[in-house]
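# An overview of the molecular structure
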Amino acid sequence: SQQGEEDPQALSIQEGENATMNCSYKTSINNLQWYRQNSGRGLVHLILIRSNEREKHSGRLRVTLDTSKKSSSLLITASRAADTASYFCATGSAGGTSYGKLTFGQGTILTVHP
Amino acid sequence: DAGVIQSPRHEVTEMGQEVTLRCKPISGHNSLFWYRQTMMRGLELLIYFNNNVPIDDSGMPEDRFSAKMPNASFSTLKIQPSEPRDSAVYFCASSFRTSGSWDTQYFGPGTRLTVL
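The shown structure was predicted, so the numbers you read here are calculated from the model rather than taken from an experiment.

### Some remarks on the overall build of chain A
- Counting secondary structure elements, chain A contains zero helices and 11 strands.
- Beginning at the N terminus, the succession of helices and strands in chain A can be written as β-β-β-β-β-β-β-β-β-β-β.
- Radius of gyration (C-alpha) of chain A: 14 Å, near the 13 Å computed for a compact globule of 114 residues.
- The 114 residues of chain A split such that 46% are buried.
- Within chain A, contacts between residues separated by at least 24 positions form 57% of all contacts whose residues are at least 6 apart in sequence.
- For chain A, the exposed surface amounts to about 5,400 Å²; the carbon and sulfur share of it is 45%.

As structure tokens, this is what we get:
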């Protein structure tokens, strides 16, 4: 079963607007990552936030993590039509024997209209 | 680096046939993951290897599925016999795992499998 639950399932906005996607998870983690998937392609890593971090920025991306609420959000500012894709959160287990296993959510489909 | 390489990119086969999907991870990576993606079930982890050793195959749907990693630069996922419900996109991903590292996974382009 998927640990991460993204919200909303689909998001439609106009170019230039900000897009916010949320992710909730159930068990303890040591890191949370966001990936992007363009139609017909593999997933591409966007950003990683560690469990002891609260906020991280990368270009137009801003990720927050609230471990007390077991939730994260991904903000894309000044969206572009090229940002149209599915976005997935993935959690890395706090256990020591995960060997890098990530648990992916169901994803948010973002559509940015020009 | 060429990234994770998967072949074939598309496979169409008939029910009952054997299907072999191939993956070449990024050179130097020591963990390899096989995923299946469908509209209904999303992205599912099937099996993963660390240093060529299978660590967890609990996601493999049934005995018709098998995976091997004979060396650090090659892995296969085999379905025998294939069924229409196996139709999906199969992704291979690799990462470099060390003690205390944070595990970014690098995905291949996927193999789109259609079983008629």
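### As for the environment of A:S73
All names here are of chain A.
- With respect to the secondary-structure elements, S73 resides in strand 8 (residues 71-76).
- Looking at S73, the relative accessible area reads 17%, which means it is buried.
- Among residues more than four places away in sequence, those in contact with S73 are T20, M21, N22, W34, R62, V63 and T64.
- At a separation of 2.6 Å, a polar atom in the side chain of S73 contacts the side chain of T64.

### Observations regarding the layout of surface pockets
- One number sums up the size of the largest pocket: a volume of about 740 Å³.
- What lines the largest pocket is a set of 27 residues, among which A:Q37, A:S86, A:F88, B:Q37 and B:M39 lie closest to the centre.
- Breaking the lining of the largest pocket down by element, the ones donating at least two residues are strand 9 (85-93) and strand 11 (108-113) of chain A together with strand 4 (31-38), strand 9 (88-95) and strand 11 (111-115) of chain B.
- Ranked by the residues each element gives to the lining of the largest pocket, the list is headed by strand 9 of chain A, at three residues.

### Remarks on the state of the cysteines
- Evaluation of the coordinates by the stated rule reveals two disulfides over all chains.
- Residue A:C23 pairs covalently with A:C89 via a disulfide, S to S 2.0 Å. For the disulfide bridge between A:C23 and A:C89, the dihedral angle about the S-S bond is near 65 degrees, and by the sign convention the bridge is right-handed. With a gap of 66 residues between them, A:C23 in strand 3 (residues 19-24) and A:C89 in strand 9 connect regions that are remote in the sequence. The two residues A:C23 and A:C89 agree in class, both being buried.
- Residue pairing for B:C23: its cysteine sulfur links by disulfide to B:C92, the two sulfurs lying 1.9 Å apart. Given an S-S torsion of about -65 degrees, the disulfide between B:C23 and B:C92 has left-handed geometry.

Conventions used here
Residues numbered from 1 in each chain as written. Chains lettered and ligands numbered in written order. Predicted model: local features only at pLDDT ≥ 70, side-chain atom pairs only at ≥ 80, totals over all residues. Heavy atoms only, no water. Helix = DSSP H or I, 4+ residues; strand = E, 2+ residues; numbered from the N terminus. Rg over C-alpha atoms; globule rule 2.2 N^0.38 Å. Buried < 20%, exposed > 50% of the residue type's maximum accessible area, 1.4 Å probe, protein only. Contact = heavy atoms within 4.5 Å. Areas by Shrake-Rupley, 256 points an atom, 1.4 Å probe, with all protein chains shown as cover. Polar contact = N/O pair within 3.5 Å; in protein donor to acceptor, adjacent residues only side chain to side chain. 1 Å grid on protein atoms, 1.4 Å probe; cavity = no way out; pocket = protein on both sides within 12 Å on 5 of 7 lines; lining within 4 Å. Points joined across faces, edges and corners; volume = space filled by probe spheres on them. Disulfide = S-S within 2.5 Å.

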